[in-house]
Amino acid sequence: MPLHESRPAMHIPGTTTHTIAPRPGHRGHEGTLRYLKAGAGAPLVLLHTVRTQAEHFRLLIPLIADHYTVYALDLPGMGYSEIVPGASYDEPAMRAGVERLLTELDLHDVTLVGESMGAVLALTTAADLPERVRRVVAVNAYDFRDGIARSGLLARVVVSGVLAPGVGPVIAGVEPRAVFRRILQGGLGDKRALREDYVDELLQVGSRPGYPTVARGVYQALPSLIAARSRYPEVKAPVHLVYGEKDWSRPSDREADKKLLPAADFTQVPQAGHFIALERPDVLADLLTSPA
């Protein structure tokens, strides 16, 4: 779907919108990527969570734009990046989109900050492009079984329906506001952190033609995110693992990642859930702007 046919209802002050065209010879296999840019300084790339978009970082970007040139990417097929029929949404395909941002813009000395699925992609991208990445901040890495289904009974029922053969695509295309809102709140320690205009924005994106296929594909790709953990020991850049105390990951999941990244710094945010960028952007901003 061409980007000009669908525009965000939400604007983050200080940001501008940009796109990256498919590489020559790749049209039909990869689509146009959309990203937001703000600030000045060394490059910092923000990678969002499952079923969200660049606006997920609406509260964080203004807090760090005086310190970095910030690039917030809509992952392939998500947000307002182009939906390509038949595209894959497994971890290698998503990672390829992130690497396109770094290579097409020729970014070096990059700080990669990812939340949830974005945290996994930040780590695997750093493994692939060590010459471009100086630091990784991985927030609530989504690399364990069940994922969002741990949010609660409603999320388990909906995700199971989306993944079901036959009816899955139909269920993926139906997102009643009350249900969608409740599932997102299951990723928050403080339910008040979910703002209504953000829900509106996500529902608008969810109404894009072809988006139900994307949503289903992303949920089907969870095993590839788990498999990507095998790449973590390849990361040469310094890593900071951040978890919300009430994240969906269990202590055993967190310990497993710490064993794979024994040199990584570790922070647990009290009372926070899976979406730390929504409820505690100040914690991430302090971590990113404090002297290393």
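Basis of the calculations
- Residues numbered from 1 in each chain as written.
- Predicted model: local features only at pLDDT ≥ 70, side-chain atom pairs only at ≥ 80, totals over all residues.
- Heavy atoms only, no water.
- Core = buried A, V, L, I, M, F, W, Y, C linked by side-chain atoms within 4.5 Å.
- Buried < 20%, exposed > 50% of the residue type's maximum accessible area, 1.4 Å probe, protein only.
- Helix = DSSP H or I, 4+ residues; strand = E, 2+ residues; numbered from the N terminus.
- Contact = heavy atoms within 4.5 Å.
- Salt bridge = Lys/Arg side-chain N within 4 Å of Asp/Glu carboxyl O.
- Pairing = 2+ DSSP bridges.
- Axes fitted to C-alpha atoms, helices over the stretch in contact; angles between N-to-C directions.

Caption draft 1: Geometry of the nonpolar core. In terms of nonpolar packing, the biggest core is built from 71 residues, with V45, L75 and L102 touching the most fellow members. A per-element tally of this core places helix α3 (residues 117-128) first, with eight residues. Ignoring sequence-local partners within four residues, the contact set of L102 consists of V45, L107, V110, L112, T125, L129, R132 and V133. Core analysis: the second largest hydrophobic core is formed by 27 residues, L46, V113, V139 and I276 among them.

Caption draft 2: Main features of the pattern of salt bridges. Inspection of every chain in the model, using the stated rule, returns 21 salt bridges. In this structure, the salt-bridge partner of R100 is E30, at a minimum N-O distance of 3.5 Å. A residue pair is termed long-range when its members are at least 10 positions apart, and R100 in helix α2 (residues 91-104) and E30 in the loop between β1 (16-20) and β2 (33-39) qualify at 70 residues. Look at E30 and you get buried, because its relative accessible area is 11%. Note that D253 is salt-bridged to R150, the shortest N-O span being 2.9 Å. Of the two residues, D253 is situated in helix α10 (residues 251-260) and R150 in the loop between β6 (133-139) and α4 (153-163); the sequence distance between them amounts to 103 residues. For the pair D253 and R150, a shared accessibility class is recorded, and that class is buried. One salt-bridge network, in which partners are shared between bridges, spans E91, R95, D128, R231 and E234.

Caption draft 3: Fine view of the sheet that holds strand β5 (residues 110-115). With mixed pairing, the eight strands of this open sheet are ordered in space as β1-β2-β4-β3-β5-β6-β7-β8. Here the strands that pair on one side only, and so sit at the sheet edges, are β1 and β8 (265-269). Taken over all neighbouring pairs, the strand axes of this sheet differ in orientation by 20° on average, direction set aside. The sheet contact formed by strand β7 (residues 239-244) and β8 spans five bridges and is parallel. For Y243, the partnering residue across the bridge sits in β8 and is Q268. In the packing of α10 onto the sheet, contacts are made with β7 and β8, and the angle to β7 comes to roughly 180°.

Caption draft 4: Region of the structure containing the environment of P22. Structurally, the position occupied by P22 is in the loop between β1 and β2. The class of P22 is buried, set by a relative accessible area of 15%. In the structure, P22 is positioned 196 residues away from V218 in sequence and 21 Å away in space, judged by C-alpha atoms.

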